[in-house]
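So you can see what is in the structure, the chains are spelled out below.
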Amino acid sequence: NLDTDSEIHVSMNEERRRVKLRRGRAHFDVAEDLTRPFQVIAGQQLVVASAGQFDVSRDGALVSVLLEQGPVQVTQDTAAATLLPRTITPGELVVFAEDRVVREERPPLEQAMAWRHGRLAFFEEPLADAVAAMNRYTRRPLVILDAEIARMPISGNYSVGDPQAFATSISVLLPVQVELERNRITLRAASGASATTG
């Protein structure tokens, strides 16, 4: 599966199976072939598997690998590789930034894989990150107008194609005011969120 705004380049021959993820996110379901390992190049990271199911996403220098079935190994696709081969186990999400690991966790798999079914699931994520994720799927973007609400945590499971329903839900869960404009949906701090005296 290929997520929206994603680009890959596939190269297959008798010796190897290789995919270059230029941007975005993809899910790979790899048929077992011990003689031709499956390789995914994303940024400086090289993900290698003989079989398995996993997601790889690339956002600039950040590369995330989420393993459903495996194992897979991640190393660097550079001559001066400083990152040792790292084996990822099923259920593990590891985020790399060039030559180092910046995050590793075991998220609920159902939540982490929701994008494949047209949904996005968030758990205590900053509103700004959730809005950025939702905006990948819509031509009518959500826009945060007040920095103070950008850091507020949000949880929930949302349809990727319905930013209005997402915004309405946010206005119920958080002190956020929603305004539906023709080309965008704006989110601002609700008036009265800070008490005044007088």
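Residues numbered from 1 in each chain as written. Predicted model: local features only at pLDDT ≥ 70, side-chain atom pairs only at ≥ 80, totals over all residues. Heavy atoms only, no water.

**Some thoughts on the overall build of the chain**
1) Next: Scanning the chain from N- to C-terminus turns up four helices and 15 strands.
2) Next: With the C-alpha coordinates aligned to their principal axes, the bounding extent of the chain is approximately 75 × 30 × 25 Å.
3) Next: Nonlocal contacts in the chain, meaning residues at least 24 apart in sequence, comprise 44% of its contacts between residues at least 6 apart.
4) Next: Summing over all exposed atoms, the chain offers an accessible surface of approximately 10,900 Å²; the carbon and sulfur share of this is 48%.
5) Next: Across the chain, the mean location of the 22 positive side-chain charges is 5 Å away from that of the 26 negative side-chain charges. (Helix = DSSP H or I, 4+ residues; strand = E, 2+ residues; numbered from the N terminus. Contact = heavy atoms within 4.5 Å. Areas by Shrake-Rupley, 256 points an atom, 1.4 Å probe, with all protein chains shown as cover. Lys, Arg positive; Asp, Glu negative; His and termini not counted. Charge placed at Lys NZ, Arg CZ, Asp CG, Glu CD.)

**Quick notes on the packing of aromatic side chains**
1) Next: With the rule as written, the count across this model stands at five aromatic pairs.
2) Next: Taking 6.2 Å as the distance between ring centres and 35° as the angle between the ring planes, the aromatic pair formed by Phe122 and Tyr158 counts as tilted. Highlighted residues: Phe122 in strand E11 (residues 119-126) and Tyr158 in strand E13 (residues 153-159), separated in sequence by 36 residues.
3) Next: Where Tyr158 meets Phe166, the ring centres are 4.9 Å apart and the plane angle is 85°; that geometry is what we call edge-to-face. Neither Tyr158 nor Phe166 differs from the other in exposure class; each is buried.
4) Next: Members of the aromatic cluster, each reached through a chain of ring pairs, are Phe28, Phe38 and Phe54. (Phe/Tyr/Trp six-rings, centres within 6.5 Å; stacked < 30°, edge-to-face > 60°. Buried < 20%, exposed > 50% of the residue type's maximum accessible area, 1.4 Å probe, protein only.)

**Quick word on the sheet that holds strand E12 (residues 142-144)**
1) Next: Read from one edge of the open sheet, three strands run E12-E15-E14, paired in mixed fashion. Edge positions in the sheet fall to E12 and strand E14 (176-180), since each has one partner strand and no second. Between one strand and the next, the sheet's axes are offset by a mean angle of 25°, whatever the strand orientation.
2) Next: In this sheet, strand E15 (residues 185-189) lies alongside E14 in antiparallel orientation, the contact comprising five bridges. Looking at the pairing, Leu180 lines up with Ile185 of E15.
3) Next: Helix H2 (residues 127-135) contacts E12, E14 and E15 of the sheet and is inclined by roughly 155° relative to E12. (Pairing = 2+ DSSP bridges. Axes fitted to C-alpha atoms, helices over the stretch in contact; angles between N-to-C directions.)

**Focus on the packing of H2 against helix H4 (residues 163-173)**
1) Next: Between H2 and H4, the shortest axis-to-axis distance is 11 Å and the interhelical angle comes to 165°. Regarding the angle of H2 to H4, the classification is roughly antiparallel. Remark: the crossing between H2 and H4 carries right-handed chirality. Note on element contacts: H4 touches H2 through Pro163, Phe166 and Ile170, opposite Leu127, Ala130, Val131 and Met134.
2) Next: Counted by class, the contact of H2 with H4 contains seven nonpolar, no polar and no charged residues. (Parallel < 35°, antiparallel > 145°, perpendicular 65-115°, else oblique. Left-handed = near helix turned anticlockwise from the far one by under 90°. Nonpolar A, V, L, I, M, F, W, Y, C, P; charged D, E, K, R; others polar.)

Fair warning: the whole summary comes from geometry, so function is off the table for now.
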